[in-house]
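# An overview of the molecular structure
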There are 2 protein chains.
Amino acid sequence: MSKVSVATKRMVLGTPFRSDKLGHTLLPKRIALPVFASDAMSSVAYAPQEIFLVLSVAGLSAYTYTPWIGLAVAVVMVVVVASYRQNVHAYPSGGGDYEVATVNLGPRAGLTVGSALLVDYILTVAVSISSAAENIGSAIPFVEQHRVLFCIAAIVLITSINLRGIRESGTAFAIPTYAFIAGMVVMLVWGFIQIFILGTDVSSDTADFGVKAENSHLVGIAFVFLIARAFSSGCAALTGVEAISNGVPAFEKPKSRNAATTLLLLGGIAVVLLMGIIVLAREIGAKYVENPAKDLIGAPADYQQKSLVAQLAHAVFRDFTPGFYFITIVTALILVLAANTAFNGFPVLGSVLAQDRYLPRQLHTRGDRLAFSNGILFLAIAAIVFVAAFGAQVTALIQLYIVGVFVSFTLSQIGMVRHWTRHLRTETDPSARNRMQRSRVINSIGLLMTGTVLIIVLITKFLAGAWIAIVTMVAIYILMQLIHRHYASVQTELDNTDFETILPSRTHSVVLVSKLHLPTKRALAYARATRPDNLEAITVNVDDRDTRRLVAEWEGSDISIPLKVIASPYREITRPVIDYVRRLRRESPRDVITVFIPEYVVGHWWEQILHNQSALRLKGRLLFEPGVMVTSVPWQLSSSDRRKNRDRVYNAPGDTRRGMVPGDGPSGPADT
Amino acid sequence: MSKVSVATKRMVLGTPFRSDKLGHTLLPKRIALPVFASDAMSSVAYAPQEIFLVLSVAGLSAYTYTPWIGLAVAVVMVVVVASYRQNVHAYPSGGGDYEVATVNLGPRAGLTVGSALLVDYILTVAVSISSAAENIGSAIPFVEQHRVLFCIAAIVLITSINLRGIRESGTAFAIPTYAFIAGMVVMLVWGFIQIFILGTDVSSDTADFGVKAENSHLVGIAFVFLIARAFSSGCAALTGVEAISNGVPAFEKPKSRNAATTLLLLGGIAVVLLMGIIVLAREIGAKYVENPAKDLIGAPADYQQKSLVAQLAHAVFRDFTPGFYFITIVTALILVLAANTAFNGFPVLGSVLAQDRYLPRQLHTRGDRLAFSNGILFLAIAAIVFVAAFGAQVTALIQLYIVGVFVSFTLSQIGMVRHWTRHLRTETDPSARNRMQRSRVINSIGLLMTGTVLIIVLITKFLAGAWIAIVTMVAIYILMQLIHRHYASVQTELDNTDFETILPSRTHSVVLVSKLHLPTKRALAYARATRPDNLEAITVNVDDRDTRRLVAEWEGSDISIPLKVIASPYREITRPVIDYVRRLRRESPRDVITVFIPEYVVGHWWEQILHNQSALRLKGRLLFEPGVMVTSVPWQLSSSDRRKNRDRVYNAPGDTRRGMVPGDGPSGPADT
């Protein structure tokens, strides 16, 4: 045993466990903020206008409630930020809500969070891109007229960029995010200055329109329901707040504290922007309704409703068109970044779920480009389906959106409360206990708050579309459970089977021959090099003429290996070989049979179609025979050179935000 | 050398060259006729009406030429039949026009015939199914209103039947074909009896309509052109005559004579039906125009034009509706059989072309279900494209149809003339010379006739659609040339490369390990059984925790093979293994490296997705490394059982008509 141990250690190649050491490009707070904030920050582009839209149902008078609803959303935001600051300290590994739920509430809760987040990522793409299209459409009517097509094109573009595996650069995030923050702040401040200090008349082009209330005399329960619905929609502003809890490892040290600080910054900015937009929109008399042609009184027939942000920008920068375009562009940009965030997060979450055997195992291998590509493609197709099904209407999509987020929030907070309770059971240090108790109080408030919001969302949005998100979540949950069960049953099968550790007694090698050319000669030479107890060549007689020629050539050559001709009355290849191999097995059951198959290796996919097809199928079939090994002996045709060195280091999406940024260069340090 | 020879012969398995002996279910003439005649016979369902349609352009008076045009087509038919009787005697192997052209005119001519026939098969399906739909539509208006959909559904149905690989049964052909012949003969005879003997008034429902001539005063060249066009369309009756020349091996002995007799029978019946239909149609005043709503004078607004055959049946069986339905049904049936013929012929031709390396090689293996499936699918998709593009209009499709047939006819006849000339050069026996000279005269007349028709078809139909068929033929020709060139260049590469026949000095085996479970243990045991000079296990460190656990398990086990841990800083699997293998190669270039990969074998495709994905990709990549063999060591999970015995004898489409009908039963006599 010790011999093995020494040998093992001595022969380790490269720097072992090198993955640990990647981390030299960790993010300072000023870069981390834009990297993680785009999702949460971009929500202010659609959350306020949804509040206005819902309240329109009760007529203009209901708009007086907008600041209060905004305030309620802001309070939830503050509580959630405070709660997640606890998460960040307690779980700095980057597992996020999935880890918190799994560790504290068990795998089912974790899987629920996983399903919710997967759906959430899909909807993040759909909502963000739709909102981006709406904002660009506010400046360019052509985009508005082809919104669905524009959205699909945008998703395809983002997908192809992510499929190429570009490395996320902090700067690429920083510029648009800070531009967005700066632009919004300038717009809000300049707007308020004009109104309150200069006394200029700043009014939206919708200021003179009336709003036709569907029901202007809502009272009692019905009115409360409407306010609750407006609040639910406003809570869309909270989506993306949890992102930082998945990215703690990417922060500079002290990781947890820096992450917590960034979270606070993010929350502060989001609250300021949200409230600012709502108050300014009220001041300039902006209107936002579901169906402008029907619900707006006094609007011209061809009136195209602008997004609320565009209405603000238009009013504030009335004499300065570049300002309006700037706001529109940075708003669209940050929304696109938010969508891109999902493209980074989705495969990363997939790899975590794969690690726990809830998704196909190969998704776990981070360096595996194809695995990530599959995740990206799945996300893109699902998002396109949602965008197309809902006509890229933000209002329609948002009904589905926040359920998943708040399911995840709520389960995470339950988990955190349990976490502190468990730790308090063993912790004796009074100051640590104090801190834990304070954290538990914060998370309990968080749980109360997010749980309440979840219930409100469920009540007010279930029929409006949330049920679709829930059905999708349940379907994904069941699928992942089935995958998990499959892996578990395979595991059981492997554990239970008795395996004869006796060595196979003899080896019997069979070389498959179709022509006597160089690939065959190489296969024969290699097969002989493995010194089997028994070596023979076989050919299947599919065509008499060819077979006779081969036999004659064989006899004329200096090859001493016997060639057997196998009859194939139905002119097929696979079955006669299988039958022959089975017969060998019957005759000497303790032999291991190795079938050597010479193969051409070519460089183009279309060349692949022209070669090896029969060999491929035979290989696939032979694997079903017990006691048989299948050995491919490749012959590299010259065209294969173009493929040989095509592999490059692949920057998996989400590497930056996971603190895993490798150096450049085509050849990694694997064998230095 | 003699030792090898003896060993070779002694060890031949099964009855060698057994394929030769299949032939116990050869076709007697009475079955061969329906099997091969459906294509040619079914053309009488559309050829006569096309003659009427073209002549309508010059008004009703032009209909007087229909019997003469029919007669001209009949003459061509007689000549072609006489010519092909020579082909059948000279080339009894079933290679058909492709063989005749290749042998006598070289590969380019052969390839031209091959391209023409491939296009022809596609159009046979499109035209036959469209015509079947028109005939059924004459009885059931619903089908007429959804003709394209109906055609696509029919093609999909025929495709799926052929994909399942049902065996063609002679009876299945005999019943509808004889029913069609009988039905047509009864209809014609009863029609003529009513008209000429009983003096009953038998008239079509179109008898009272006038025909609006586009130009009733065509003279000179223009009129000749019109007559020539009508003749060209009528020549569609000749499609399928060549089928028997591909099927000589399926006939009972004496094969050639029986085939020639059957050909004569086929020609006779076709001529009788063609002329009968034309004369009867004239007698009952049937009309057939391109655009009934515009071209028919006096027709009610909602008049739906019936096919010519349906018009005859309707008039003859006016008081006996079942007669009308019977004719409609058997006409549709024989047209469907004609389409099915193409589904049999297309993959067979593909296999012949593949044998000569013009198509992917695997298409050659007749027993290979997948290869045939690909051919069938390609044919179906192409036919659907043509049907959809031309709205299932027989008149439109027929413009494309006969070019290919007559290209093939003409080249074949040139080839036959050359064939006889060549043989006459060496033949000395006077009676044989006499026969040959007579044959040469017949084929020369055939050449003259088919060549003339080809030129007429090209002139009258080129712009009407024949150019599409020609472009398709050229494209297929070029594609096949490129494939041929690729195979040739691979051949050259294999011939030119110097190959060290020295045996590799040592073998170095590497077992890839991810976990220490049964599949791994089996792979280790098997690898050790091959007694390599060097044996080691490697694992790629994708996940630290997993790797540490594996190393601990390994040290605790009784395995004496050293385990190396390979670093993978980017958490990928493939590249570190490739790098490692390359390093081994650099260190000892004369070693052969065998990489053993343990694999799960599962029964469901979805299980396959959950396993082996990384292994599959690694295998694919390792094949590009010279000096490396890749050995799969399968571990059959219990679910793999369901796949193990799924292979059954596959009856390839076209077997019956190629004289290759194997016995029943799941287990072939391969190893008896």
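Residues numbered from 1 in each chain as written. Chains lettered and ligands numbered in written order. Predicted model: local features only at pLDDT ≥ 70, side-chain atom pairs only at ≥ 80, totals over all residues.

### Considering the overall build of chain A
Secondary structure summary: chain A contains 23 helices and seven strands in total. Put simply, chain A has 672 residues, and 54% of those count as buried. In chain A, the share of contacts with a sequence separation of at least 24, taken over all contacts with a separation of at least 6, comes to 83%. (Helix = DSSP H or I, 4+ residues; strand = E, 2+ residues; numbered from the N terminus. Buried ≥ 20, exposed ≤ 12 C-beta atoms within 10 Å, placed from the backbone. Contact = placed C-beta atoms within 7 Å.)

### Details of the sheet that holds strand E6 (residues 591-601) of chain A
Strand order in the open sheet made by the ten strands is E5(A)-E4(A)-E3(A)-E6(A)-E7(A)-E7(B)-E6(B)-E3(B)-E4(B)-E5(B), with mixed pairing throughout. With one partner strand each, in any of the chains shown, strand E5 (563-567) of chain A together with strand E5 (563-567) of chain B form the two edges of the open sheet. With strand direction ignored, the average angle separating the axes of adjacent strands in the sheet is 30°. When strand E3 (residues 506-512) of chain B meets strand E6 (residues 591-601) of chain B, the two strands line up parallel, connected through six bridges. Paired with Arg506(B) across the two strands is Asp591(B), which belongs to E6(B). In this fold helix H18 (residues 518-529) of chain B packs onto strand E3 (506-512), E6 and strand E7 (628-636) of chain A together with E3, strand E4 (534-541), E6 and strand E7 (628-636) of chain B, with an angle of close to 150° to the strand it touches most, E6(B). (Pairing = 2+ DSSP bridges. Axes fitted to C-alpha atoms, helices over the stretch in contact; angles between N-to-C directions.)

### With respect to the environment of Pro107(A)
Residue and element names in this part refer to chain A. Relative to the helices and strands, Pro107 resides in helix H6 (residues 107-139). For Pro107, a count of 15 C-beta atoms within 10 Å corresponds to the partly exposed category. Measuring from C-alpha to C-alpha, the distance between Pro107 and Asp356 comes to 9.4 Å, with 249 residues separating the pair along the chain.

### Examining the packing of helix H2 (residues 29-42) of chain A against helix H11 (residues 255-283) of chain A
What describes two packed helices is the angle between their axes and the distance between those same axes. Residue and element names in this part refer to chain A. One can describe the packing of H2 onto H11 by two numbers: an axis separation of 10 Å at closest approach and a directional angle of 50°. Between H2 and H11, the interaxial angle falls into the category oblique. Regarding H2 and H11, the two cross each other, and that crossing is right-handed. On the side of H2, the interface is formed by Lys29, Ala32, Leu33, Phe36, Ala37, Ala40 and Met41, while H11 contributes Asn258, Thr261, Thr262, Leu265, Leu266, Ile269 and Ala270. For the contact of H2 with H11, the per-class residue count stands at ten nonpolar, three polar and one charged. (Parallel < 35°, antiparallel > 145°, perpendicular 65-115°, else oblique. Left-handed = near helix turned anticlockwise from the far one by under 90°. Nonpolar A, V, L, I, M, F, W, Y, C, P; charged D, E, K, R; others polar.)

### Some points on the nonpolar core
Core analysis: the biggest nonpolar cluster contains 168 residues, and Ala270(A), Leu274(A) and Leu312(A) have the highest contact counts within it. Counting residues per element, this core draws most heavily on helix H14 (residues 321-355) of chain A, at 19 residues. For Ala270(A), the contacting residues outside a window of four places in its chain are Ala40(A), Met41(A), Val44(A), Met77(A) and Ala237(A). Ranked by size, the runner-up nonpolar core spans 167 residues in total, among them Tyr84(B), Val119(B), Ala259(B) and Ala332(B). (Core = buried A, V, L, I, M, F, W, Y, C linked by C-beta atoms within 7 Å.)

### Describing unusual backbone geometry
The phi torsion of most residues other than glycine is negative, and most of the peptide bonds are trans. Residue and element names in this part refer to chain A. The peptide bond linking Lys253 to Pro254 adopts the cis configuration, its omega dihedral lying at -5°. Within the secondary structure, Pro254 sits in the loop between helix H10 (220-234) and H11. The phi angle at Arg531 is positive, at roughly 45°, despite the residue not being glycine. Mapped onto the elements, Arg531 comes out in the loop between helix H18 (518-529) and strand E4 (534-541).

### Details of the packing of helix H20 (residues 574-587) of chain A against helix H22 (residues 613-622) of chain A
All names here are of chain A. It is at 10 Å that the axes of H20 and H22 come closest, and there the two elements cross at 35°. In terms of crossing hand, the pair formed by H20 and H22 is right-handed. Seen from H20, the contacting residues are Thr574, Val577, Ile578 and Val581; seen from H22, they are Arg617, Leu618, Arg621 and Leu622. Here the residues of the contact of H20 with H22 sort into five nonpolar, one polar and two charged.

### Some thoughts on the pairing of E3(A)
Among the seven residues that make up E3(A), six are buried, leaving the element largely enclosed by the rest of the structure. At this point the chain moves from E3(A), through H18(A), to the parallel E4(A), and the crossover so formed is right-handed. (Right-handed = clockwise from strand over helix to strand, strands pointing away.)

### Re the environment of Ala40(B)
Residues and elements named next belong to chain B. By the element assignment, Ala40 lies in helix H2 (residues 29-42). Between the alpha carbons of Ala40 and Leu266 there is a distance of 7.9 Å; along the sequence they are 226 residues apart. Contacts of Ala40, omitting those with residues within four sequence positions, involve Thr239, Gly240, Val241, Ala243, Leu266 and Ala270.

### Points about helix H11 (residues 255-283) of chain B
With 29 residues, H11(B) extends 42 Å between its outermost C-alpha atoms, agreeing within 8% with the 42 Å of an ideal straight helix rising 1.5 Å per residue. Looking at the residues trailing H11(B), positive phi occurs at Gly285(B), about 70°. (Expected span 1.5 Å × (residues − 1).)

### Considering the pairing of E5(B)
Residues and elements named next belong to chain B. Where burial is concerned, most of E5 is hidden: four out of the five residues are buried. Relative to E5, E4 runs parallel, the two sharing five bridges. Along E5, the bridge assignment pairs Thr539 with Val565. In this region the chain leaves E4, passes through helix H19 (residues 544-556) and returns to the parallel neighbour E5; the handedness of that crossover is right-handed.

### Focus: helix H20 (residues 574-587) of chain B
Residue and element names in this part refer to chain B. An ideal rise of 1.5 Å per residue puts 20 Å on 14 residues; H20 measures up with 20 Å between its terminal C-alpha atoms. Among all positions of H20, only Thr574, Arg575, Pro576, Val577, Tyr580 and Val581 are buried. In this structure, the buried side of H20 is in contact with E3, E4, E5, E6, helix H22 (613-622) and E7.

### A few points about the confidence of the model for chain A
All names here are of chain A. When pLDDT is averaged across chain A, the result is 83; 88% of the residues are at 70 or more. Mean pLDDT per element in chain A: helix H1 (residues 2-10) is the minimum at 38, and H6 is the maximum at 93. Note on residues 1-24: pLDDT under 50 across the span, and 44 contacts to partners over four residues away in sequence or across chains. Scored below 50 in pLDDT, residues 661-672 shows 31 contacts in the model against residues more than four places distant or in partner chains. Both confidence scores are given for the complex: pTM 0.69, ipTM 0.70. (pLDDT = per-residue confidence, 0-100.)

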